[in-house]
Amino acid sequence: MATALAVAAGSCTQETKVDVSSNLHPEKMASMVTHNVNTLISDSGVTQYKIVAPVWYVYDEADTPYWSFPKGLYLQKFDPAFNVVATVAADSAFFFRLQKLWRLEGNVEMTKKPRDLFLSPRVFWDQRRQRLYSDTFIHIENETHVLEGTGFESNERLTEYRILKPTGIFPVDRDNLKPDR
């Protein structure tokens, strides 16, 4: 009787094999997801940056490993005394880890002390070359002038920069101009 019962129970169960390996794509799946990110990044024991983001995805298995911040990124740069010397905000951001290249997208706003403001829809930050650049519209404000144009290159400290195709606005102190007579 035990044998018949085992056969009857076995006949009610149908085994189905599913090959999930063909449906999984590790290069398209995040290996880490972190919500409400608030982290400090240091170099040689000195805190350099603070990153704040609603969500952070890490894709380590992609052909080109990268991090994604699809809901925005806010970054602060510190001097050795831990004073904020620059900020970066973007609607989304990507960091290509092997190339050490950031791509900041959508309403990118960069500030630098004392009162410099840089606005663009897209900015790249090449950490290896220590360069910032863009191929899109750029708006720059500081104490003496406003510059606008298309295309932008700068050192990463935003102290030496140029606009590739300027259409700038330059305030002029007319009282100090001498006539050509």
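These numbers come from a predicted model, not from an experiment.

Colleague: What's the story with the pairing of strand β2 (residues 46–59) in this structure? I'm lost.
Modeller: Consecutive residues of a regular strand have side chains that alternate between opposite faces of the sheet. Pairing between strand β1 (residues 32–43) and β2: 11 bridges, direction antiparallel. Within the sheet, the bridge partner assigned to H35 lies in β2 and is V55. If you look at the hairpin formed by β1 and β2, you'll find two residues sitting between the two strands, and S44 has a positive phi there, around 55°. Pairing geometry for β2 and strand β3 (residues 66–69), over three bridges, is antiparallel. Among the inter-strand pairings, V58 is bridged to a residue of β3, identified as W67. As consecutive antiparallel partners, β2 and β3 are separated by six residues.

Colleague: Explain the packing of aromatic side chains here, please?
Modeller: Aromatic ring pairs are reported here in terms of the distance separating the ring centres and the angle at which the planes meet. Under the counting rule described, the total for this entry stands at 17 aromatic pairs. Taking the centre distance of 4.7 Å and the plane angle of 40° together, the rings of F95 and W102 count as tilted. Each member of the pair, F95 together with W102, is buried. With a centroid separation of 5.9 Å and an interplanar angle of 50°, the aromatic rings of F118 and F152 are classed as tilted. Placement of F118 in strand β8 (residues 116–126) and of F152 in strand β10 (residues 146–155) is noted, with a sequence separation of 34 residues between them.

Colleague: It is not clear to me how the environment of K50 should be interpreted in this structure. Could you clarify?
Modeller: Take K50: it is sitting in strand β2. In this structure K50 comes out as partly exposed when scored by relative accessible area, which is 25%. Sequence separation between K50 and T39 is 11 residues, and the spatial gap between their C-alpha atoms is 5.7 Å. Other than its neighbours up to four places away in sequence, K50 contacts N38, T39, L40, Y74, L75, Q76 and F78.

Colleague: Looking at this structure, how should I read the nonpolar core?
Modeller: Soluble, globular proteins show a tendency: their nonpolar side chains are buried together. Judged by nonpolar contacts, the single largest core of 28 residues is most densely connected at F69, L73, W102, L104, M110 and F152. Per-element tally for this core: the top contributor is β2, with five residues. If near-sequence neighbours (up to four positions away) are discounted, W102 is found in contact with I51, W67, F69, L73, A93, F94, F95, V123, F124, W125 and Q127.

Colleague: Would you mind going over the side chain of K112 with me for this structure?
Modeller: Position of K112 relative to the elements: it lies in strand β7 (residues 101–112). For K112, a relative accessible area of 16% puts it in the buried group. Excluding residues that lie within four positions of it along the chain, K112 makes contacts with V85, A86, R157, L158 and T159.

Colleague: Is there a simple way to think about the environment of S134 in this case?
Modeller: With respect to the helices and strands, S134 occurs in strand β9 (residues 131–141). The class for S134 is buried, based on a relative accessible area of 4%. For the pair S134 and L164, spaced 30 residues apart in sequence, the C-alpha to C-alpha distance is 9.5 Å. Among the polar contacts made by the side chain of S134, one reaches the main-chain carbonyl oxygen of R122 at a distance of 2.5 Å. Within the structure, S134 has its side chain in polar contact with the side chain of T136 (distance 2.8 Å).

Colleague: Just to check I follow, could you spell out the confidence of the model for the protein chain for this structure?
Modeller: Regions with low pLDDT should not have their predicted coordinates read in detail. Averaged over all residues, the pLDDT of the protein chain equals 85, while 82% of them reach at least 70. Averaged pLDDT values for the elements of the protein chain fall to 49 in helix α1 (residues 2–12) and rise to 97 in strand β6 (residues 92–96). Contacts of residues 1–9 to residues separated by more than four positions or lying in other chains number zero contacts, the stretch itself having pLDDT below 50.

Here is what the cut-offs are and how they apply
The residue numbering used here restarts from 1 in each chain and proceeds along that chain's sequence as written. Two thresholds apply to this predicted model, a pLDDT of at least 70 for residue-level local features and 80 or more for giving and counting side-chain atom pairs, whereas whole-chain, interface and lining totals are computed over all residues. Heavy atoms from the whole structure form the basis of all side-chain values; hydrogens and water molecules are not counted. DSSP calls a pair of strands paired once it identifies at least 2 bridges connecting them. Helix numbers and strand numbers start at the N terminus; a helix is a DSSP run of H or I with at least 4 residues, a strand a run of E with at least 2. Two aromatic rings, drawn from Phe, Tyr or Trp (for Trp, its six-membered ring), form a pair once their centres lie within 6.5 Å of each other, and the interplanar angle then sorts them: stacked below 30 degrees, edge-to-face above 60, tilted otherwise. Categorising residues by exposure relies on relative accessible area from a 1.4 Å probe, with only protein chains included: less than 20% of the type maximum marks a residue as buried, more than 50% marks it as exposed, and the intermediate range marks it as partly exposed. The contact rule is simple, with two residues in contact once any of their heavy atoms fall within 4.5 Å. For the purposes of this section, nonpolar cores are sets of buried Ala, Val, Leu, Ile, Met, Phe, Trp, Tyr and Cys residues that join through side-chain atoms within 4.5 Å. For the purposes of these results, a polar contact is taken to be a pair of N or O atoms within 3.5 Å, where, inside protein, one atom must be able to donate a hydrogen and its partner to accept one; residues adjacent in sequence count only when each atom of the pair is a side-chain atom. You can read pLDDT as the predictor saying how much it trusts each residue, on a scale of 0 to 100.

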